[in-house]
Amino acid sequence: MSATPNPALASLKDIQLPTAIGYWPLPIGYWIVIVISLILLCVIGIFTLKHFKRTAAKREALRHLAALQPEEDYFAIQVNSILKRAAMSYVPRQQIASLEGKAWYHWLNKQDNIPQLSQLLDSRYQAITLSPTEQLTLKTLAKKWLNNSLPIKPDATQEEKMHTTSKEPVC
């Protein structure tokens, strides 16, 4: 038995496959995901940059404090000046530069309550210098204050003062 070719099949052409589907153009869903991802990356980048700039003074103060050796002369005075310079980076100079003694210690404790820091700083102008353990404690407490207090958050009272002064009627 031999198969006789069907004349109807002889007139058919071979099956043509469609062209392969490429990656472009992307469907609309992919474009939406890409745009949302780019916006999120930009927002995260902006917030990261702002945070980096805002904490620059804190990082610089911590770097100076780490470089400070407890054996140096006037150690407590140098620690105090690092704390004051760091504070003036976040608060207007007029509020911080004039603070000295108990007012300065009160301001430091208001930001982060570390009473021993105030006691150690208070001995900076006394004839008896700090012992090596006290110097190490002072350095540790100053580092703790810098890490916990900076950048300084505005007080509710300061914000309230700003809002009340801006609402005064102009004659």
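Residues numbered from 1 in each chain as written. Predicted model: local features only at pLDDT ≥ 70, side-chain atom pairs only at ≥ 80, totals over all residues. Heavy atoms only, no water.

Chemist: I'd like to hear about a nonpolar patch on the surface, residue by residue, with values.
Modeler: Taken together, Tyr23, Trp24, Ile28, Tyr30, Trp31, Ile32, Ile34, Ile36, Leu38, Leu40, Leu41 and Ile44 make up a surface patch of nonpolar side chains, about 1400 Å² in accessible area. Topologically, Ile32 is positioned in helix 2 (residues 28-54). Take Ile32: its relative accessible area is 46%, and that puts it in the partly exposed class. (Patch = residues over 30% accessible without salt bridge, like charges linked within 9 Å, V, L, I, M, F, W, Y side chains within 5 Å. Areas by Shrake-Rupley, 256 points an atom, 1.4 Å probe, with all protein chains shown as cover. Salt bridge = Lys/Arg side-chain N within 4 Å of Asp/Glu carboxyl O. Helix = DSSP H or I, 4+ residues; strand = E, 2+ residues; numbered from the N terminus. Buried < 20%, exposed > 50% of the residue type's maximum accessible area, 1.4 Å probe, protein only.)

Chemist: How would you sum up the nonpolar core? Please name residues and give values.
Modeler: Ranked by internal contacts, the top residues of the largest apolar core, which has 31 residues, are Trp104 and Trp107. Of all elements in the fold, only helix 3 (56-67), helix 4 (75-88), helix 6 (102-111), helix 7 (115-122) and helix 8 (132-149) reach the threshold of two or more residues within this core. Of all the elements, helix 4 adds the most residues to this core, at 7 residues. Excluding its chain neighbours within four sequence positions, the residues that come into contact with Trp104 are Asn80, Leu83, Lys84, Ala87, Ile96, Leu99 and Leu121. (Core = buried A, V, L, I, M, F, W, Y, C linked by side-chain atoms within 4.5 Å. Contact = heavy atoms within 4.5 Å.)

Chemist: Could you give me a rundown of the pattern of salt bridges, with the residues and numbers involved?
Modeler: Pairing between side chains of opposite charge can happen when their charged atoms approach one another. According to the stated counting rule, one finds 3 salt bridges in the structure shown. Across the pair Glu100 and Lys84 runs a salt bridge whose closest N-O atoms are separated by 3.5 Å. Linking Glu100 in the loop between helix 5 (93-96) and helix 6 with Lys84 in helix 4, this pair joins segments that are 16 residues apart in sequence. Overall, Glu100 belongs to the partly exposed group, its relative accessible area being 43%.

Chemist: Residue-level account of unusual backbone geometry, with values.
Modeler: A cis geometry characterises the amide bond from Leu150 onward to Pro151, with omega recorded as -10°. Within the secondary structure, Pro151 sits in the loop between helix 8 and helix 9 (156-166). Of note in the backbone geometry, Tyr74 takes a positive phi value of approximately 55° without being a glycine. Examined against the element boundaries, Tyr74 turns out to sit in the loop between helix 3 and helix 4. Judged by relative accessible area, Tyr74 falls into the exposed class, the value being 62%.

Chemist: Which residues make up helix 6, and what values go with them?
Modeler: When we look at burial in helix 6, the residues that qualify are Trp104, Tyr105, Trp107 and Leu108. Projected down its long axis, helix 6 shows its buried positions confined to an angular sector of 160°, all on one face. Away from its buried face by more than 90 degrees, helix 6 exposes Lys102 and His106. In this fold, the buried residues of helix 6 make contact with helix 4, helix 5, helix 7 and helix 8. (Arc of directions from axis to C-beta.)

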